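# What the coordinates show
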Amino acid sequence: MPKSLPHRKRNASGLSSSRRAILAAKFALTKKAFDVVILDLRKLSEICDFFVIASGNTDVQVRAIAEAVSEGLEKKNVSLHHLEGGTYGRWILLDFVDVIVHIFDSKLREYYRIEDLWGDAPRKEVKEK
C-alpha cells in the first residue's frame, strides 16, 4: 500500500480538504468575491486536492479577499503554508497544502483562464445565499 502524500492528510483543524475548500470559498464571498469556483483535482493531480478560484474588481479588493480567506481559515485552525503575489494584488495564491486558493483581478483571470487548464476537473460554483 503506498504511503499517503502529506497534502492528502487532514491538518490540525481536523476538517477534510473539501470542507476547507468550501470554507475558503465562503470567506472569499464575505468580501464580495465573484465567479467563485471550486475545482476538484483529487483524481487528476497530486499538486493538491482542490483549487478555489475567485475574482475581485481591484487590487484592494483582491487583497481584502485574500486576507478574509487567510484569517477565516486561521480561526478554524487551518494554517497558511505559503503566499504568493500579495504585493501587487492582481493574482494572489494562498497555499493551504491540499487546498490552493487563487484570487485574481477579473482581467488577469480572463487572461490566464486557469479553469480551462483544468477542464476535466469537476467544478462547483459557489454563490452567496
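Our subject is the structure that appears above.
Since the structure is predicted, the reported quantities are computational estimates derived from the model, not experimental observations. (Residues numbered from 1 in each chain as written. Predicted model: local features only at pLDDT ≥ 70, side-chain atom pairs only at ≥ 80, totals over all residues. Heavy atoms only, no water.)

### Focus on the overall build of the protein
When helices and strands are counted, the protein shows four helices and six strands. In the protein, the succession of α and β elements from N to C terminus is α-β-β-α-β-β-β-α-α-β. In terms of C-alpha radius of gyration, the protein reaches 14 Å, essentially the compact-globule figure of 14 Å for 129 residues. A principal-axis box enclosing the C-alpha atoms of the protein has dimensions of 45 × 30 × 30 Å. When each of the 129 residues of the protein is scored for burial, the buried share is 45%. Across the protein, every contact between residues at least 6 apart in sequence was considered, and the portion connecting residues at least 24 apart equals 62%. Looking at the protein, you have 22 positive and 18 negative side-chain charges, and the mean spots of the two groups are 6 Å apart. (Helix = DSSP H or I, 4+ residues; strand = E, 2+ residues; numbered from the N terminus. Rg over C-alpha atoms; globule rule 2.2 N^0.38 Å. Buried < 20%, exposed > 50% of the residue type's maximum accessible area, 1.4 Å probe, protein only. Contact = heavy atoms within 4.5 Å. Lys, Arg positive; Asp, Glu negative; His and termini not counted. Charge placed at Lys NZ, Arg CZ, Asp CG, Glu CD.)

### Points about the nonpolar core
Judged by nonpolar contacts, the single largest core of 26 residues is most densely connected at V36, V52, V69, L73, L94, F96 and V101. Where this core is concerned, the elements lending two or more residues are α1 (17-29), β1 (34-40), β2 (50-56), α2 (59-75), β4 (91-95) and β5 (99-105). At seven residues, the largest contribution of residues to this core is made by α1. Look past the residues within four positions of L94 in its chain and what remains in contact with it is A66, V69, S70, L80, H82, L83, V99, I100, V101 and I103. Membership of the second largest hydrophobic core comes to twelve residues, among which are L41, F51, L93 and I100. (Core = buried A, V, L, I, M, F, W, Y, C linked by side-chain atoms within 4.5 Å.)

### Here we look at the packing of α1 against α2
Describing two packed helices takes the angle between their axes plus the distance from one axis to the other. Packing of α1 against α2 leaves a shortest axis separation of 8 Å and a crossing angle of 135°. When the axis of α1 is compared with that of α2, the two are oblique. Two packed elements cross with a definite hand, and for α1 against α2 that hand is right-handed. In contact with R20, L23, A24, F27 and A28 of α1, α2 contributes I65, A68, V69, G72 and L73. (Axes fitted to C-alpha atoms, helices over the stretch in contact; angles between N-to-C directions. Parallel < 35°, antiparallel > 145°, perpendicular 65-115°, else oblique. Left-handed = near helix turned anticlockwise from the far one by under 90°.)

### Concerning the sheet that holds β5
Taken in spatial order, the six strands line up as β3-β4-β5-β2-β1-β6 in an open sheet, and their pairing is mixed. The two strands at the open ends of the sheet, each matched to only one other strand, are β3 (82-84) and β6 (123-126). Geometrically, the sheet is characterised by an average inter-axis angle of 15° between neighbouring strands, direction not taken into account. In terms of strand pairing, β3 meets β4 through three bridges, oriented antiparallel. Its bridge partner being in β4, H82 is matched across the sheet by D95. (Pairing = 2+ DSSP bridges.)

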